[in-house]
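Given next are the chains, with one letter for each unit.
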Amino acid sequence: MNQETQRENNLDTRSSTLVAKGLKKSYGDFEAVKGLDFEVFPGECFGFLGPNGAGKTTTMRMIYGASIPTGGRLQVVGLDVRGNERAIKRRIGVVPQENNLDDDLRVRENLLVYGRYFDMPKKAALRRADELLDFVQLTEKADSDVSELSGGMKRRLLIARALINDPDLVVLDEPTTGLDPQARHLVWDKMRDLVREGKTLILTTHYMEEAARLCNRLVIMEDGNIVVGGVPDELVEQHVSPQVLEFRSDLQSLKELRPILLETADNVEEGATGEALLAFTRDSDAVLERVRESGVTVENTVYRQSGLEDVFLKLTGRSLTD
Amino acid sequence: MGSIRIPSPRGAFRVWQRNATIFRKYWKSAMFPNFFEPLLYLAAMGLGLGAFIQQGGINGQTYVQYIAPGLLASNAMFAASFESTFNTFVKLRIDRVYDAITTTPVNPEDVVAGEYLWAGTRAALYGTGFLAMLTILGFALTPENPLISSWWALLIPPMLLVIGVMFSVMGTLFTSLIKRIDLYAYYFTLVVTPLFLFSGIFFPVEEFPAPVPLLAWFTPLYHAVNACRGLANGPDLAVLGDVAWVLVFTGALALVPIQIMRRRLID
């Protein structure tokens, strides 16, 4: 109980990098964000996981001042977003979803000109730009045109640009969307480096794997609300059994299979496309044995560990990547 | 949310500086058309049409002398109009340059103010080159009757900066209201071209029947042309009235596009 109160009080302390209470955003009649409560502590990597249209980007935009909340409260780096936009923007870095690098400037110039927006002295900006180009492995491209960079390189340059002012908080909106696996892994490495350096990161993603790998804590969003939040492994543990069996077959067979699975498995969900049944269990052998005994035709069975995707499916009845 | 935003000079300067950095790379190719176009008008209208204008010209000046200062003003209008329409549109909606800038301590209102200043600067740069050319040509071709005859002409470059800012405010207002780039055809056909033709560059509007001179008085390029002509042929204290008109009009309108552009960048 004492701990509970302490935690309550903590919500208002300046030590939190980000505090949202009842945060809302409407556009006319449309409510994009319907009342979010969350808190992010220094040094964390905090994720917003959810399908497209869940309200993740709107939430990010409110954090970096591109969108003004229509309800609730939002504190960023200890300052209320109302009336502190410049002071907040001075202390955060933003990696936007869409590339908005300055095409008329070369790679290094993008960083230098950006540094000027923060009133960085020229010498300091030059030194910082070269450090950052080294960090994102673009030193050889320093004098190239932005248009010559690949998608992954542009994303890394956006990350470098977001770090020019040595921000307390880095906001990354879908940092790996549209990247090939190799480029994605490189971006993940850079994000892990930042967390190791003690930076606070918040990111949005609709990749379960990304959230599970990078985030200390995360919230799962759907339809403008937070469905659930916590530590990735704990969320999986709390909400779904550790093993999943996916059965694929014709609709008739799946219909027959369902009661059998319900008998033996902890939980049964329909796959997002309706062509599969997912059985969550602690003992997959027992479930498989029971299915074999029943004689129902199963075309294809996949065994895997459960993950955040399954948590999302269980709580919303929807798939994350649609 | 409803409060009126005033730009920060430092933020505006950063945006101006960004444009200057890019201009430094491309200035040669960017300058040339703007520099060459008024010369074409001067040759076609001044020499071609001017040959048919009776001896004595207009107000005791040859036709070329009459139109040259007005072309300085219209050149500033064109330079600032292109900057605040097509260029600003691309930065706002296509390249999303402003989105990137406004996630830094530079706010949308600073961006717009910086663009005003940049458009003015560009107008002044082009105009100064053209002014130098007119002065040299005038003294070289007809030394007894030069195109630019007064030391007051040294005040033309700062005047062109002010004229550039004025047309940048107008162009930015239109940019802040449209969603499609093809709508600029309306702005140029219905605003810029009529101003160019009917602001006293090619003929004195004062001598037209009753409502015309009054209508002209309410339009911006008319005063810009008067100011440039007065400075080119000075001393002429009537210039002060035109400068005051330009300053009041620009000042009264400048904050409007700033508020609208802010809503385009922050929802």
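Treat the numbers as computed from the prediction; the structure is a model and nothing was measured.

Moving on, we come to the domain arrangement of chain A. Each domain of chain A was delimited in the assignment, giving domain 1 (2–228) and domain 2 (241–306). Of note, the centres of domain 1 of chain A and domain 2 of chain A, computed from C-alpha atoms alone, are 40 Å apart.

A word on the packing of helix H9 (residues 232–239) of chain A against helix H12 (residues 308–316) of chain A. Residue and element names in this part refer to chain A. Between H9 and H12, the shortest axis-to-axis distance is 9 Å and the interhelical angle comes to 50°. If you check the angle between H9 and H12, you find them oblique. For H9 against H12, the interelement crossing comes out left-handed. Residues Pro 232, Leu 235, Val 236 and His 239 of H9 form the contact with H12, whose own contacting residues are Leu 308, Val 311, Lys 314 and Leu 315. Of the residues belonging to the contact of H9 with H12, the class tally is 6 nonpolar, 1 polar and 1 charged.

Further remarks concern the pairing of strand S9 (residues 217–222) of chain A. All names here are of chain A. Counting buried positions over the 6 residues of S9 gives 5, a clear majority of the element. Here 4 bridges tie strand S3 (residues 45–49) to S9, and the two strands are oriented parallel to one another. Among the inter-strand pairings, Leu 49 is bridged to a residue of S9, identified as Ile 220. In this sheet, strand S10 (residues 225–230) lies alongside S9 in antiparallel orientation, the contact comprising 5 bridges. The partner of Ile 220 across the bridge, within S10, is Val 228. In textbook terms, the turn of a hairpin is the stretch between consecutive antiparallel strands, and for S9 and S10 this stretch comprises 2 residues, one of which, Asp 223, has a positive phi near 55°.

Counting residues at the interface gives 20 residues for chain B and 21 residues for chain A. Elements supplying a minimum of two residues to the side of chain B that touches chain A: helix H1 (9–48) and helix H3 (97–101) of chain B.

Right, let's talk about the sheet that holds strand S12 (residues 267–270) of chain A for a bit. Residue and element names in this part refer to chain A. Taken in spatial order, the 4 strands make up an open sheet running S12-S13-S11-S14, and their pairing is antiparallel. Where the open sheet ends on each side, the last strands, each with one partner, are S12 and strand S14 (300–305). In this sheet, neighbouring strand axes are inclined to one another by 20° on average, regardless of whether the strands run parallel or antiparallel. Relative to strand S13 (residues 276–281), S12 runs antiparallel, the two being bridged by 4 bridges. Note on S13: the bridge partner recorded for Val 268 is Ala 279. In the packing of helix H10 (residues 251–264) onto the sheet, the strands contacted are strand S11 (243–248), S12 and S13, and the crossing angle to S13 comes to about 10°. Running at roughly 25° to S11, helix H11 (residues 284–294) makes contact with S11, S13 and S14 of the sheet.

Glancing now at the nonpolar core. Val 171 of chain A together with Met 77, Ala 123, Ile 163 and Cys 228 of chain B are the most contacted members of the largest nonpolar core, which has 162 residues in total. At 16 residues, helix H2 (residues 63–94) of chain B tops the list of elements feeding residues into this core. Mapping this core onto the domain boundaries places at least three of its residues in each of domain 1 (2–228) and domain 2 (241–306) of chain A. Residues within four places of Cys 228 of chain B in sequence aside, it is in contact with Pro 69, Gly 70, Leu 72, Ala 73, Ile 156 and Met 159 of chain B.

All names here are of chain A. Position of Leu 101 among the secondary structure elements: in the loop between strand S6 (92–95) and helix H4 (107–117). Residue classification places Leu 101 among the buried positions, given that 22 C-beta atoms sit within 10 Å. For the pair Leu 101 and Asn 52, spaced 49 residues apart in the sequence, the C-alpha separation amounts to 24 Å. In contact with Leu 101, not counting residues within four places along its chain, are Asn 110, Val 146, Lys 154, Leu 157 and Leu 158.

Moving on: the sheet that holds strand S4 (residues 71–76) of chain A. Residues and elements named next belong to chain A. Pairing is antiparallel in the open sheet, where 4 strands are placed in the order S2-S1-S4-S5. Among the strands making up the open sheet, the edge pair consists of strand S2 (30–40) and strand S5 (79–80). As judged from the 8 bridges shared by strand S1 (residues 18–27) and S2, these two strands associate in the antiparallel manner. Its bridge partner lying in S2, Leu 18 is registered against Val 40.

Residues and elements named next belong to chain A. For the pair H4 and helix H6 (residues 151–162), interaxial distance at closest approach is 9 Å and the crossing angle is 25°. The orientation of H4 with respect to H6, classified from their angle, is roughly parallel. Viewed along their axes, H4 and H6 form a crossing whose handedness is right-handed. Along its contact with H4, which presents Val 107, Asn 110, Leu 111 and Tyr 114, the element H6 presents Leu 157, Ala 160 and Arg 161. In terms of residue class, the contact of H4 with H6 is made up of 5 nonpolar, 1 polar and 1 charged.

Spanning 22 residues, helix H5 (residues 156–177) of chain B covers 32 Å between terminal C-alpha atoms, matching the ideal 32 Å at 1.5 Å per step. Extensive coverage of H5 of chain B is indicated by the burial of 17 of its 22 residues.

What counts as what
Residues numbered from 1 in each chain as written. Chains lettered and ligands numbered in written order. Predicted model: local features only at pLDDT ≥ 70, side-chain atom pairs only at ≥ 80, totals over all residues. Domains from an automatic or database assignment. Axes fitted to C-alpha atoms, helices over the stretch in contact; angles between N-to-C directions. Helix = DSSP H or I, 4+ residues; strand = E, 2+ residues; numbered from the N terminus. Parallel < 35°, antiparallel > 145°, perpendicular 65-115°, else oblique. Left-handed = near helix turned anticlockwise from the far one by under 90°. Contact = placed C-beta atoms within 7 Å. Nonpolar A, V, L, I, M, F, W, Y, C, P; charged D, E, K, R; others polar. Buried ≥ 20, exposed ≤ 12 C-beta atoms within 10 Å, placed from the backbone. Pairing = 2+ DSSP bridges. Core = buried A, V, L, I, M, F, W, Y, C linked by C-beta atoms within 7 Å. Expected span 1.5 Å × (residues − 1).

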